[in-house]
Amino acid sequence: MSFLNIRGEKIHCKKCGEVCTIEYEGGAKPTQIGDFSVIEQKRLSKKYMRNYDAKDKGYYYHHFGICSRCISRRHRATELYDKQIIDYIEKVKNFAETKEWHKSETLKKFESNINEDLLRQASPTSFCVLKDTKHFGIKKEKRRIVEKYIEQAKSEIAQYLNEQLEKIPELKQAKEELFKIEKKLTFILPKCKRVIKGYMPIDLVSERNLNPYICYEMTTRVPKEIDATRGFYKPIKYSKEMVESIIGNNEKLNCALNDDDLEYFWGKLFRVVLKLDF
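Residues numbered from 1 in each chain as written. Predicted model: local features only at pLDDT ≥ 70, side-chain atom pairs only at ≥ 80, totals over all residues. Heavy atoms only, no water.

**Some points on the state of the cysteines**
Put simply, the rule reads: Put simply, a disulfide is two cysteine sulfurs that come within 2.5 Å. To sort residues, take the accessible area from a 1.4 Å probe on protein chains only and compare it with the maximum for the residue type: under 20% means buried, over 50% means exposed, and anything in between is partly exposed.
What the rule picks out here adds up to zero disulfides. Cys16 takes part in no disulfide bond, and the closest cysteine sulfur to it belongs to Cys70, at a distance of 3.7 Å. On the basis of relative accessibility, which here comes to 43%, the residue Cys16 falls in the partly exposed class.

**Considerations on a nonpolar patch on the surface**
What counts here: Note that patches include only residues with greater than 30% relative accessible area and no salt bridge, and the join distances are 9 Å for like charges and 5 Å for nonpolar side chains (Val, Leu, Ile, Met, Phe, Trp, Tyr). Residue-level accessible areas treat just the shown protein chains as cover; the underlying method is Shrake-Rupley with a 1.4 Å probe. Each salt bridge in this description consists of a side-chain nitrogen of Lys or Arg and a carboxyl oxygen of Asp or Glu lying within 4 Å of one another. Numbering of helices and strands runs from the N terminus; a helix is a DSSP stretch of H or I covering at least four residues, while a strand is a stretch of E covering at least two.
On the surface, a nonpolar cluster with roughly 510 Å² of combined accessible area is contributed by Phe3, Tyr213, Ile214, Tyr216 and Met218. Turning to its location among the elements, Ile214 is positioned in the loop between β6 (208–209) and β7 (220–221).

**Quick look at helix α6 (residues 124–132)**
We count it as follows: The arc in question is traced by the directions running from the helix axis to the C-beta atoms. Here, residues are in contact when the closest pair of their heavy atoms is within 4.5 Å.
Buried within α6 we find Ser126, Phe127 and Leu130. Looking straight down α6, one finds its buried side chains confined to an arc of 95°; they lie on one side. Turned more than 90 degrees away from the buried face of α6 sit Thr125 and Asp132, all of them exposed. Where α6 is buried, its residues contact α5 (116–122), α7 (139–166) and α10 (259–275).

**What about the environment of Gly26?**
Relative to the assigned elements, Gly26 resides in the loop between β2 (19–24) and β3 (29–32). By relative accessible area, Gly26 is classed as exposed at 64%.

**Focus: the pattern of salt bridges**
All chains considered together, the criterion is met by 18 salt bridges. When the shortest N-O distance is used, the salt bridge between Lys83 and Asp87 registers 3.0 Å. Of this pair, Lys83 and Asp87 are both found in helix α4 (residues 77–112), four residues apart, which corresponds to roughly one turn of the helix. Overall, the relative accessible area of 33% leaves Asp87 in the partly exposed class. Between Glu100 and Lys103 there is a salt bridge, with its nearest N and O atoms 3.6 Å apart.

**A closer look at helix α9 (residues 240–248)**
Listed in full, the buried residues belonging to α9 are Lys240, Val243, Ile246 and Ile247. Taken down its axis, α9 places every buried residue within 120° of arc, on the same side. Along α9, the residues that are exposed and aim more than 90 degrees away from the buried face are Glu241 and Gly248.

**Re empty space enclosed by the protein**
Rule in force here: In this analysis a 1.4 Å probe is tested at points of a 1 Å grid over the protein atoms alone, and where it fits but cannot get out there is a cavity; an open set with protein on both sides within 12 Å along at least five of seven lines is a pocket; lining residues have an atom within 4 Å of a point. Grid points are joined across faces, edges and corners, and a volume is the space filled by probe spheres set on the points. Gly is put with the polar residues, along with every residue not named as nonpolar or charged; the nonpolar set is Ala, Val, Leu, Ile, Met, Phe, Trp, Tyr, Cys and Pro, and the charged set is Asp, Glu, Lys and Arg.
Evaluated as defined, the whole model comprises one cavity of 30 Å³ or more. Estimated volume of the largest cavity: approximately 30 Å³. Residue lining of the largest cavity: Leu165, Glu166, Leu171, Lys172, Lys175 and Cys255, and that is the complete set. Examining the composition of the lining of the largest cavity, we find that three residues originate from one element, helix α8 (residues 169–188), more than from any other. Grouping the constituent residues of the lining of the largest cavity by class yields three nonpolar, no polar and three charged.

**A word on the nonpolar core**
Note the cut-off: Throughout this description, the term nonpolar core refers to a set of buried Ala, Val, Leu, Ile, Met, Phe, Trp, Tyr and Cys residues connected via side-chain atoms within 4.5 Å.
With 50 residues, the main nonpolar core has Phe110, Ile157 and Leu269 as its most contacted residues. Among the elements that make up this core, the one with the highest residue count is α7 (10 residues). Apart from residues lying up to four places away in sequence, Ile157 is in contact with Phe110, Ala122, Ser123, Tyr149, Phe265, Trp266 and Leu269. Listed in part, the 23 residues of the second largest apolar core include Tyr61, Cys70, Ile71 and Leu210.

Set out below in structure tokens:
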């Protein structure tokens, strides 16, 4: 009951009725969207596609937004202010995702290049102690020495990794841009209402999950062909208080690796160093 034979999706403009049609890769095939969604999609199919044989050709997943033509009318000053704030929040979200990606890549790069030279560069003091401590080839002793090295080297290596992150131009530029926008918003926010409204573009090309509760291969589909003459957007709103808290939270610009980021890394480092001939 929670599966529906879906071939694509249709986005309807709530203002003018304009429709964007997206065909999925693989054509019509069973997709798990949930019991309630199956009932709702069958209802919407009958409403918007009365002469279409959905059972035979496959259903379209119907949802709603607002087309670019309907939101391109002249904005009032407060709406222009709201748009700048909505854009800012999106940039904050993008920065958070970019930051996490670079954290992961920095750790992967270090892990894939671990050797004596890199360890000496990243943890000069601790590595010298490691090299000078004799274990006489005894496996148990070597394990104990490496464990001690990891504990002593953690602060040095974490500092080295964070220095690499600070050098990444994309992160530096994004932080500077956000800082400039925040200075501008300090003059804009007082002119905004308690609820800030705007529109976010609907992604037409990325893989989508059609089930609101679970996500796996039977709930996701990938767009193949798109028939649209306009962009589509979804309404969005934020409280003024929340925006102020985001601006006041300097931690969002912090790119340093934390304990959670490094938990798996220390175990990997231990296993690699244990195999080194020192």
